[in-house]
Number of protein chains: 8
Amino acid sequence: MDREGGDPGYVDLGFARVDTDRLPRTGDPEVVYAAGKTPDEVVAILGTLRDAAPDRPSLVTRADPATVAAVRLRWPEAQVEGTTVVVGDLPQARGLVGVVTAGTSDSPVAAEAATTVRAFGAGVVRVTDVGVAGLHRVLDARPVLQDADILIVVAGMEGALPSVVGGLVGTPVVAVPTSVGYGASFGGLAALLGMLNSCAAGVVVCNIDNGFGAGVFAARIARGMQR
Amino acid sequence: MDREGGDPGYVDLGFARVDTDRLPRTGDPEVVYAAGKTPDEVVAILGTLRDAAPDRPSLVTRADPATVAAVRLRWPEAQVEGTTVVVGDLPQARGLVGVVTAGTSDSPVAAEAATTVRAFGAGVVRVTDVGVAGLHRVLDARPVLQDADILIVVAGMEGALPSVVGGLVGTPVVAVPTSVGYGASFGGLAALLGMLNSCAAGVVVCNIDNGFGAGVFAARIARGMQR
Amino acid sequence: MDREGGDPGYVDLGFARVDTDRLPRTGDPEVVYAAGKTPDEVVAILGTLRDAAPDRPSLVTRADPATVAAVRLRWPEAQVEGTTVVVGDLPQARGLVGVVTAGTSDSPVAAEAATTVRAFGAGVVRVTDVGVAGLHRVLDARPVLQDADILIVVAGMEGALPSVVGGLVGTPVVAVPTSVGYGASFGGLAALLGMLNSCAAGVVVCNIDNGFGAGVFAARIARGMQR
Amino acid sequence: MDREGGDPGYVDLGFARVDTDRLPRTGDPEVVYAAGKTPDEVVAILGTLRDAAPDRPSLVTRADPATVAAVRLRWPEAQVEGTTVVVGDLPQARGLVGVVTAGTSDSPVAAEAATTVRAFGAGVVRVTDVGVAGLHRVLDARPVLQDADILIVVAGMEGALPSVVGGLVGTPVVAVPTSVGYGASFGGLAALLGMLNSCAAGVVVCNIDNGFGAGVFAARIARGMQR
Amino acid sequence: MDREGGDPGYVDLGFARVDTDRLPRTGDPEVVYAAGKTPDEVVAILGTLRDAAPDRPSLVTRADPATVAAVRLRWPEAQVEGTTVVVGDLPQARGLVGVVTAGTSDSPVAAEAATTVRAFGAGVVRVTDVGVAGLHRVLDARPVLQDADILIVVAGMEGALPSVVGGLVGTPVVAVPTSVGYGASFGGLAALLGMLNSCAAGVVVCNIDNGFGAGVFAARIARGMQR
Amino acid sequence: MDREGGDPGYVDLGFARVDTDRLPRTGDPEVVYAAGKTPDEVVAILGTLRDAAPDRPSLVTRADPATVAAVRLRWPEAQVEGTTVVVGDLPQARGLVGVVTAGTSDSPVAAEAATTVRAFGAGVVRVTDVGVAGLHRVLDARPVLQDADILIVVAGMEGALPSVVGGLVGTPVVAVPTSVGYGASFGGLAALLGMLNSCAAGVVVCNIDNGFGAGVFAARIARGMQR
Amino acid sequence: MDREGGDPGYVDLGFARVDTDRLPRTGDPEVVYAAGKTPDEVVAILGTLRDAAPDRPSLVTRADPATVAAVRLRWPEAQVEGTTVVVGDLPQARGLVGVVTAGTSDSPVAAEAATTVRAFGAGVVRVTDVGVAGLHRVLDARPVLQDADILIVVAGMEGALPSVVGGLVGTPVVAVPTSVGYGASFGGLAALLGMLNSCAAGVVVCNIDNGFGAGVFAARIARGMQR
Amino acid sequence: MDREGGDPGYVDLGFARVDTDRLPRTGDPEVVYAAGKTPDEVVAILGTLRDAAPDRPSLVTRADPATVAAVRLRWPEAQVEGTTVVVGDLPQARGLVGVVTAGTSDSPVAAEAATTVRAFGAGVVRVTDVGVAGLHRVLDARPVLQDADILIVVAGMEGALPSVVGGLVGTPVVAVPTSVGYGASFGGLAALLGMLNSCAAGVVVCNIDNGFGAGVFAARIARGMQR
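Residues numbered from 1 in each chain as written. Chains lettered and ligands numbered in written order. Predicted model: local features only at pLDDT ≥ 70, side-chain atom pairs only at ≥ 80, totals over all residues. Heavy atoms only, no water.

Caption draft 1: Main features of the arrangement of the chains. As for chain F relative to chain D, no contact occurs, and the smallest C-alpha gap between them is 13 Å. When C-alpha atoms are compared, chain B and chain H, though not in contact, are closest at a spacing of 14 Å. (Contact = heavy atoms within 4.5 Å.)

Caption draft 2: Spatial organisation of the pattern of salt bridges. A complete count under the given rule lists 10 salt bridges over all chains for this structure. For glutamate 112 of chain C, the salt bridge is made with arginine 62 of chain C, and the minimal N-O distance between the two is 3.2 Å. You can see glutamate 112 of chain C sitting in helix α4 (residues 107–119) and its partner arginine 62 of chain C sitting in the loop between β4 (58–61) and α3 (65–74), a full 50 residues away along the chain. Residue classification places arginine 62 of chain C among the partly exposed positions, given a relative accessible area of 22%. The network of salt bridges with shared partners includes Asp28, Arg220 and Arg223 of chain A. (Salt bridge = Lys/Arg side-chain N within 4 Å of Asp/Glu carboxyl O. Helix = DSSP H or I, 4+ residues; strand = E, 2+ residues; numbered from the N terminus. Buried < 20%, exposed > 50% of the residue type's maximum accessible area, 1.4 Å probe, protein only.)

Caption draft 3: Main features of unusual backbone geometry. The phi dihedral of aspartate 129 of chain A falls on the positive side, at around 65°, and the residue is not glycine. Its location among the elements puts aspartate 129 of chain A in the loop between β8 (123–127) and α5 (135–140). Accessibility expressed as a relative area gives 9% for aspartate 129 of chain A, which makes it buried. Positioned with a positive phi, aspartate 209 of chain G is a non-glycine residue whose angle comes to about 65°. Inspection of the secondary structure assignment puts aspartate 209 of chain G in the loop between β11 (203–205) and α9 (211–224).

Caption draft 4: Seen up close, the pairing of strand β9 (residues 150–155) of chain D. Residues and elements named next belong to chain D. Buried residues dominate β9, accounting for six of its six residues. Side-chain alternation along β9 places Ile150, Ile152 and Val154 on one buried face and Leu151, Val153 and Ala155 on a second face that is also buried. Where β9 meets strand β10 (residues 173–177), five bridges bridge the pair, whose relative direction is parallel. When the bridges of β10 are listed, isoleucine 152 appears paired with valine 174. Between the parallel elements β9 and β10, the chain passes through helix α7 (residues 161–168) in a crossover that is right-handed. (Pairing = 2+ DSSP bridges. Right-handed = clockwise from strand over helix to strand, strands pointing away.)

Caption draft 5: Quick look at the packing of helix α2 (residues 39–52) of chain D against helix α3 (residues 65–74) of chain D. Residue and element names in this part refer to chain D. Following both chains from N to C, one finds α2 and α3 inclined at 40°, their axes separated by 9 Å at the closest point. If you check the angle between α2 and α3, you find them oblique. For the crossing formed where α2 meets α3, the hand is right-handed. Contacts between α2 and α3 pair Pro39, Val42, Val43, Leu46 and Gly47 from the former with Ala66, Thr67, Ala70, Val71 and Arg74 from the latter. Its residues placed into classes, the contact of α2 with α3 shows seven nonpolar, two polar and one charged. (Axes fitted to C-alpha atoms, helices over the stretch in contact; angles between N-to-C directions. Parallel < 35°, antiparallel > 145°, perpendicular 65-115°, else oblique. Left-handed = near helix turned anticlockwise from the far one by under 90°. Nonpolar A, V, L, I, M, F, W, Y, C, P; charged D, E, K, R; others polar.)

Caption draft 6: Examining the packing of aromatic side chains more closely. Inspection of every chain in the model, using the stated rule, returns 20 aromatic pairs over all chains. Ring centres of phenylalanine 120 of chain B and phenylalanine 212 of chain B lie 6.2 Å apart, and the angle between their planes is 70°; this geometry places the pair in the edge-to-face category. Remark: phenylalanine 212 of chain B occurs in helix α9 (residues 211–224) and phenylalanine 120 of chain B occurs in the loop between α4 (107–119) and β8 (123–127); sequence separation between them is 92 residues. The same class applies to phenylalanine 120 of chain B and to phenylalanine 212 of chain B, which are both buried. With a centroid separation of 6.2 Å and an interplanar angle of 35°, the aromatic rings of tyrosine 33 of chain D and tyrosine 182 of chain H are classed as tilted. Remark: tyrosine 182 of chain H occurs in the loop between β10 (173–177) and α8 (189–196) and tyrosine 33 of chain D occurs in strand β3 (residues 31–33); the pair is interchain, linking two chains. Assigned by exposure class, tyrosine 33 of chain D and tyrosine 182 of chain H land together as buried. Note that arginine 62 of chain G overlies the ring of tyrosine 182 of chain B, its terminal NZ or CZ placed 4.0 Å from the centroid. (Phe/Tyr/Trp six-rings, centres within 6.5 Å; stacked < 30°, edge-to-face > 60°. Lys NZ or Arg CZ within 6 Å of the ring centre and 35° of its normal.)

Caption draft 7: Geometry of the interface of chain D and chain H. Taken residue by residue, the interface counts 25 residues in chain D and 19 residues in chain H. Both sides together, the interface formed by chain D and chain H hides about 1700 Å², and carbon and sulfur atoms give 54% of it. For the pair chain D and chain H, the interface holds zero salt bridges. Its residues assigned to classes, the side of chain D that touches chain H shows 10 nonpolar, five polar and 10 charged. (Buried area = accessible area lost by both parts, 1.4 Å probe.)

Caption draft 8: Structural detail: the relation of the copies chain C and chain B. Under the fitted operation, chain C is carried onto chain B by 0.0 Å of movement along the axis and a turn of 180°, and the coordinates agree to an RMSD of 0.0 Å. Such a turn and shift between the copies fits a two-fold axis. Closest approach to the rotation axis within chain C is made by the C-alpha atom of methionine 225 of chain C, at a distance of 2.1 Å. Interface overlap between copies: 97% of the residues of chain C at the interface are likewise at the interface in chain B, consistent with a symmetric, same-surface contact. (Least-squares fit on C-alpha atoms with pLDDT ≥ 70 in both.)

Caption draft 9: Looking closely at the relation of the copies chain D and chain H. For the match of chain D to chain H, the screw axis carries a shift of 0.1 Å, the RMSD comes to 0.0 Å, and the turn is 90°. Taken together, the rotation and translation relating the two chain copies correspond to the operation of a four-fold axis. Identified as the residue of chain D closest to the rotation axis by C-alpha distance is phenylalanine 186 of chain D, at 7.3 Å.

Caption draft 10: Inspection of the interface of chain C and chain B at higher detail. Facing 35 residues of chain C, the contacting portion of chain B comprises 34 residues. Between chain C and chain B, the buried area comes to about 3000 Å², and carbon and sulfur atoms account for 58% of it. Where chain C touches chain B, the interface holds zero salt bridges. Every element with two or more residues in the side of chain C that touches chain B is listed here: α1 (22–26), α6 (142–147), α7 (161–168), β10 (173–177), α8 (189–196), β11 (203–205) and α9 (211–224) of chain C.

Caption draft 11: Examining the confidence of the model for chain A more closely. Within chain A, residue pLDDT values average 90, and 94% of them lie at 70 or more. Scored as a complex, the prediction yields pTM 0.94 and ipTM 0.91. (pLDDT = per-residue confidence, 0-100.)

Caption draft 12: View of the sheet that holds strand β5 (residues 79–81) of chain F. All names here are of chain F. Taken in spatial order, the four strands line up as β3-β4-β6-β5 in an open sheet, and their pairing is mixed. Both edges of this open sheet fall to β3 (31–33) and β5, since each of them pairs with a single strand only. Put simply, the sheet's adjacent strands are angled 15° from each other on average, direction ignored. Here helix α2 (residues 39–52) sits on the sheet and contacts β3, β4 (58–61) and β6 (84–87); the angle it forms with β4, its principal contact strand, is near 160°.

Caption draft 13: Examining the packing of helix α8 (residues 189–196) of chain F against helix α8 (residues 189–196) of chain G more closely. Packing of α8 of chain F against α8 of chain G brings their axes to within 8 Å, and their N-to-C directions diverge by 125°. The orientation of α8 of chain F relative to α8 of chain G falls into the category oblique. For the pair α8 of chain F and α8 of chain G, the sense of crossing is left-handed. Contacts between α8 of chain F and α8 of chain G involve Leu189, Ala190 and Leu193 of chain F from the former and Leu189, Ala190 and Leu193 of chain G from the latter. Grouping the amino acids of the contact of α8 of chain F with α8 of chain G by side-chain chemistry returns six nonpolar, no polar and no charged.

Caption draft 14: Structural context of the layout of surface pockets. What the largest pocket holds in volume is close to 1500 Å³. Lining the largest pocket are 37 residues, and of these Leu189 of chain A, Leu189 of chain B, Leu189 of chain C, Leu189 of chain F together with Leu189 of chain G sit closest to its centre. Secondary-structure elements contributing two or more residues to the lining of the largest pocket are α8 (189–196) of chain A, α8 (189–196) of chain B, α8 of chain C, α8 (189–196) of chain D, α8 (189–196) of chain E, α8 of chain F, α8 of chain G together with α8 of chain H. Its residues assigned to classes, the lining of the largest pocket comprises 35 nonpolar, two polar and no charged. (1 Å grid on protein atoms, 1.4 Å probe; cavity = no way out; pocket = protein on both sides within 12 Å on 5 of 7 lines; lining within 4 Å. Points joined across faces, edges and corners; volume = space filled by probe spheres on them.)

Caption draft 15: Up close: the sheet that holds strand β4 (residues 58–61) of chain D. All names here are of chain D. The four strands lie next to each other as β3-β4-β6-β5, forming an open sheet whose pairing is mixed. Edge positions in the sheet fall to β3 and β5 (79–81), since each of these pairs with one other strand and no more. For this sheet, the mean inter-axis angle between neighbouring strands, taken without regard to orientation, is 15°. Two elements, β3 and β4, share three bridges in a ladder whose sense is parallel. Looking at β4, one finds that valine 32 is bridged to valine 60. Contacts from helix α4 (residues 107–119) reach β4, β5 and β6 (84–87), with the element oriented near 15° to β6.

Spelled out as structure tokens, the structure:
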């Protein structure tokens with residue numbers, strides 16, 4: 001961990017040690033996970049990150065309205081999509097990530113994923129509402145699915161869409177289960193288990209509703225793929 | 001519960017009260033669930049059932065090899081498929097049940113279902129190994145799926161096939177999760193939850209590996225459907 | 001999937017691909033699952049469906065009060081039962097579905113089931129509050145239970161009613177567990193497991209509180225049964 | 001804990017402290033739970049108990065064949081039922097416990113319960129194989145059920161029998177779930193949850209397969225009931 | 001089920017079939033479980049019960065404030081303890097039930113149990129806040145514990161108190177786990193499992209927070225015990 | 001349990017038996033767990049404790065704002081940190097406990113732990129926000145971690161920090177999982193299981209969010225360690 | 001799904017429909033999952049695959065010794081690693097996948113992953129036994145971890161290694177939980193949940209012990225990455 | 001991590017990187033967890049450890065008979081207790097750890113704990129079979145419990161003993177749940193949850209059956225305590 005002259009690789013704010021070393025270590029922008037933090041804490045951490053890497057975007061995820069407002073007050077140019085906020089210019093897109101949803105209710109998770117992909121430097125194409133209950137919709141989307149470098153497939157309920165997509169095309173699939181559903185979906189557990197047991201080889205899985213994690217992973221891949 | 005002259009509707013064997021009233025009550029043959037019973041107990045119960053309704057088939061399910069042998073010794077004409085045994089002539093088939101499997105490993109459960117359907121008086125058509133990881137196989141089977149009165153769809157792992165079939169045709173679907181899988185399939189739990197949360201309307205579910213229950217239900221339906 | 005001249009079988013609203021192909025594919029009306037959608041989204045999807053099949057009813061399920069109000073504003077003739085809304089004339093009833101509840105608290109789920117059955121083209125007879133803790137009530141209902149083509153049995157807590165009904169009559173039983181209960185009912189899990197393990201053959205199961213799914217399945221069956 | 005002259009109320013065998021104080025404390029015989037103990041350990045503990053209370057029976061539960069053989073070698077008069085062994089004369093029976101089973105496969109647990117009841121000083125009446133799938137069998141048993149002071153109802157699968165019995169008669173019911181079943185019975189969990197959520201008031205529950213515990217409880221009650 | 005001249009044993013209110021046959025069948029008053037019912041429904045059911053057995057108390061459990069108010073408006077003499085309401089004169093007490101709590105937070109469940117015991121015709125003695133973390137408190141209560149005919153032991157968190165009490169005295173123990181706790185108590189699951197696995201013989205268990213069920217069971221026992 | 005002249009070792013407040021014997025028994029101050037108690041009950045219990053041991057601090061944990069206010073009204077000198085309140089002078093610190101957090105969101109649990117440690121007589125050093133996603137932060141903290149007598153390591157999500165710390169230094173580690181996370185964290189279950197399965201020897205675990213329990217344990221150890 | 005002249009894209013063996021269309025569809029070799037299939041079935045399916053694509057390797061996974069022997073009898077040149085068998089020449093390696101294990105016991109899963117990676121056309125570098133309990137081992141491996149295109153990180157117990165690796169380098173991480181562990185590892189559940197909740201962004205997860213799935217995914221990525 | 005001249009702190013055996021740096025890092029002997037390793041692998045790792053620190057004992061845990069035999073062949077002086085093996089001289093004992101068991105069946109776990117404590121340099125006193133079902137046994141052991149520096153309390157079933165001990169004395173308690181039990185003990189889950197929710201402050205918990213982990217932790221504490 002070779003850092004210059006005494007730089008510890010983080011800034012100690014007392015209540016947080018902000019990791020300013022991630023960029024050289026991983027090549028990625030830093031992110032603030034806002035859940036469980038006060039708006040003031042988020043703004044303070046974000047300020048530290050903006051100072052450390054002003055030419056890179058910073059991301060805030062899981063921001064409640066008060067946090068969104070506080071961030072916008074300080075950085076009026078912030079771009080907000082749902083509970084995700086980007087401060088700083090988006091990098092040029094390298095590679096292409098397809099973000100696919102099974103149903104309309106899965107859109108917030110897909111939006112988090114797509115915003116993250118862009119902030120982490122890859123391009124995005126969206127395919128919406130192609131759940132397996134009307135199979136002709138996903139069959140029609142096949143050319144788009146094949147054209148992407150990697151796919152993020154977002155689905156709740158039984159989470160069958162990644163298996164269908166993974167059987168349809170050879171594009172690598174990152175599956176994101178959502179908490180959409182009721183009763184025996186147990187908050188997304190049914191979709192999660194379904195995706196983990198996919199009979200289609202080459203499907204990997206993220207935590208329930210974790211559009212952000214899928215976005216980071218997919219962007220890293222897409223940026224490096226030969227086209 | 002109007003039964004003739006003092007007939008209690010069962011025969012008391014000491015260790016078991018054999019329900020001889022089921023035929024008038026439900027129109028169905030009686031069945032011996034052999035798990036947890038000794039071969040002698042199974043033969044004794046089966047003998048009582050054969051005496052009570054000699055012109056109807058009787059079924060033994062979950063029979064281990066010792067039980068199968070004991071039944072065959074007494075009734076050499078018994079027909080055995082895996083762990084399922086039928087004694088007595090099969091009734092004429094009314095209606096048609098499609099029995100569909102996702103993978104080769106799901107075959108034993110499908111066999112139990114198909115044998116049960118026949119013993120309970122309906123006809124069977126089999127569609128084998130049409131898992132969603134190779135979607136063209138199930139798409140090709142569409143005419144058969146549409147032609148049946150009701151479908152039994154058997155699948156392990158993530159259990160996505162009933163959703164795909166349910167989205168493809170309007171035929172009612174009885175889904176049977178199997179314990180095929182490993183790790184986070186948790187003995188069939190993943191497939192069970194997937195099927196319960198199916199986004200395709202009109203999918204109902206049986207217990208894990210319960211080909212028998214699905215067969216009883218589907219046969220009752222198929223026997224009564226207008227064609 | 002032979003559709004006329006370039007019709008993709010769905011209408012793309014941007015946020016949703018409305019499946020307009022379901023009617024020829026399944027013979028059923030289309031349904032909007034309103035949970036997780038805004039009132040505006042529901043109205044837009046419903047409008048597309050009304051245009052595609054004006055002579056068929058359309059169903060909205062799990063509608064919150066704001067959505068109910070928005071639908072009523074646009075279609076004042078809409079019929080509302082609890083969280084279920086029907087727009088368009090109900091079809092003539094073919095066949096008969098018995099909707100049976102164990103307790104008064106199970107009524108909302110039974111209402112969703114019954115409304116769905118009617119919208120999907122079958123007739124309904126209700127049997128209410130015949131839980132097993134007072135067995136004479138369900139014994140008295142036996143003639144009605146026998147007379148139906150198929151039964152939807154709705155129960156929470158330990159979910160024992162489908163087993164009792166399934167042992168009493170030969171009518172096929174679709175069991176719906178409800179989230180009625182507390183403590184170790186775990187939101188309906190106890191009833192769900194109980195129904196999946198029913199010792200009465202020929203009981204199939206839906207997701208917790210899924211009156212809609214049971215209604216679709218039962219209506220499809222009842223419409224086709226010989227009487 | 002007033003014991004005579006320095007008696008600690010137990011005998012220290014090094015590997016075990018045998019509780020010789022239970023009789024004055026609870027009025028019951030002592031029991032050796034043999035699972036996880038070697039035959040020699042069981043014999044040593046049992047010998048201590050026989051010495052401490054020679055005029056009372058001692059019980060060994062969950063004894064494997066080697067342990068049964070070792071006990072019989074030392075006490076040839078031992079009475080063995082399945083995995084339960086009684087050494088010493090049975091006390092006179094006070095009160096009456098009904099032991100009821102849903103199916104033949106539940107018999108081993110019922111046998112453990114019945115043997116325990118007798119060793120703990122109450123009388124037993126058995127009602128066998130009256131599962132809810134053939135309701136007329138349990139209805140016929142109603143007089144016996146009403147005549148007992150307390151009932152032990154043993155059932156696997158969905159465990160519905162205690163609810164039905166509890167709704168049929170006012171006799172207190174101790175429910176014992178068994179591990180009989182497969183798939184979503186999860187080793188008896190379904191029956192356990194079903195019994196805990198019984199809609200029939202006054203049903204209490206024991207651990208899965210715990211015939212012994214139910215027997216102790218019921219015997220204590222039956223011994224003290226006014227008849 | 002011999003009832004006089006055409007009395008079906010229930011009153012059909014349309015939304016409910018009120019079981020008016022329970023008294024002759026079980027010897028107990030009827031109870032309205034108010035959760036999931038409207039205040040109007042509760043009052044209507046309760047009115048039917050008051051008419052059917054005016055000389056017996058009727059119980060309402062799990063009543064929210066609106067339901068309590070509605071009941072009081074109609075029956076000003078109603079006695080209310082927490083969420084439990086009794087209408088009608090309490091019967092004379094036969095036998096004695098000890099109601100024991102581990103901590104102050106378990107009091108509401110203990111109150112439901114105690115009120116039920118009284119309404120079902122037995123006497124009550126309370127022992128409060130004798131959790132195992134200060135063992136001298138429960139040791140001091142030993143004489144009271146021994147003197148009761150049966151004990152209801154209410155505990156949350158790890159639910160160890162029934163084991164300690166069951167090891168201390170020979171009085172039969174009905175254990176009631178409560179949802180008191182946090183984290184890995186999982187809403188009372190830890191206490192429930194602890195009680196089901198009690199190493200003290202003769203401990204039986206009710207559903208989480210089910211003071212009512214424990215009260216019914218214990219009252220039935222205590223009323224019949226010889227003193 | 002030798003107490004002077006008739007002192008039972010507790011004060012009976014009717015709704016609670018306050019354990020005044022803990023100090024001689026365990027050497028620790030008494031604590032009021034406020035969850036599930038009314039503010040008045042908390043003040044009454046606390047008053048009893050202050051009277052019994054006025055020269056020792058008393059602790060209130062899980063106090064909601066109303067309870068905090070009620071305590072402050074009576075004891076204006078009370079020190080409040082989050083939901084933890086201390087009344088009385090803090091004892092001199094013996095030994096040193098390191099309280100380490102993985103992320104900012106884990107701070108409330110760490111604060112409860114640190115306050116408890118001080119009230120129970122040990123010193124505290126805090127290490128904040130050293131989660132494993134930026135490993136250089138925890139590597140830099142190594143000297144502090146080695147210098148403490150015992151460490152409390154607080155982490156949510158996957159709960160990996162105790163394993164890393166336990167592999168880095170030989171200081172004993174008490175791990176506290178927190179409910180920080182979402183989806184498949186299942187309210188802290190993921191972190192709890194992770195810590196229980198730690199591959200680093202010598203990691204012990206507390207309940208989810210149980211900073212208090214970790215604090216009591218660690219303070220008892222630190223007070224007694226040779227330095 | 002444009003295939004030449006009537007080729008359905010699969011070969012129907014009666015008991016199986018072998019998908020011969022996967023190569024053009026996904027660019028990957030076909031695989032036989034041997035669990036639940038007889039050796040004869042595996043050989044028959046494998047023969048079909050060898051005929052369809054003789055210039056590509058075919059993979060058999062989860063082969064028991066009898067299946068391995070049967071495959072070797074027919075194809076003596078087969079390469080066997082543990083329960084994984086490759087028939088046919090390995091393709092030239094494009095890209096580099098790092099396969100990392102936490103402990104020696106995780107080796108079989110890592111071997112399945114590495115063999116799969118090679119058969120699917122990418123190169124492999126192994127890093128063995130770098131669990132977090134001795135952190136210096138993984139720190140030393142940092143250059144190798146950075147140099148790979150993608151990492152497969154295999155770990156049982158608490159599954160913390162992917163978080164540490166993901167925090168150390170920017171290389172994308174596919175985490176594979178193993179069933180290594182005991183007690184509260186619950187067959188790999190603890191590791192699975194830990195990995196799903198990883199605080200390191202960009203970690204995706206496969207099913208427990210699913211080295212094959214991770215290998216397919218990683219090979220597809222590595223083959224396409226720019227170096 | 002300052003190690004001399006190029007010593008990486010581990011020895012690379014190809015299949016394992018043996019951590020030879022633990023002694024300076026943690027002050028403890030190294031341990032081989034034998035489950036999932038071949039006897040040859042265990043012997044090879046153990047040989048490396050003996051060479052690295054010949055004057056310290058090395059421990060093998062979870063050794064099956066073949067591994068025990070292989071170790072004894074190479075090191076005839078090895079001391080074996082159950083599945084735990086110690087090679088090398090035991091260090092002098094500093095401090096005192098009490099190892100307490102609830103029942104005879106918990107002895108193997110207690111033996112693993114006690115052997116580990118000794119190998120890690122502390123003294124041991126055993127208290128056996130003092131389960132809460134006979135409370136006088138644990139009350140009699142109070143002086144021994146108070147005299148130890150720290151207690152390891154081993155219990156299966158409901159796991160109540162640590163709460164009772166923790167309420168009885170102020171000595172810190174490390175609780176170890178065991179898999180002793182059946183049915184709803186779910187392999188030790190009931191005991192684990194019970195201990196995590198202990199109402200006695202200052203109880204910390206290890207994994208199910210993890211006598212080794214408890215022993216390491218307790219020995220580290222006891223070695224450092226002032227007496």
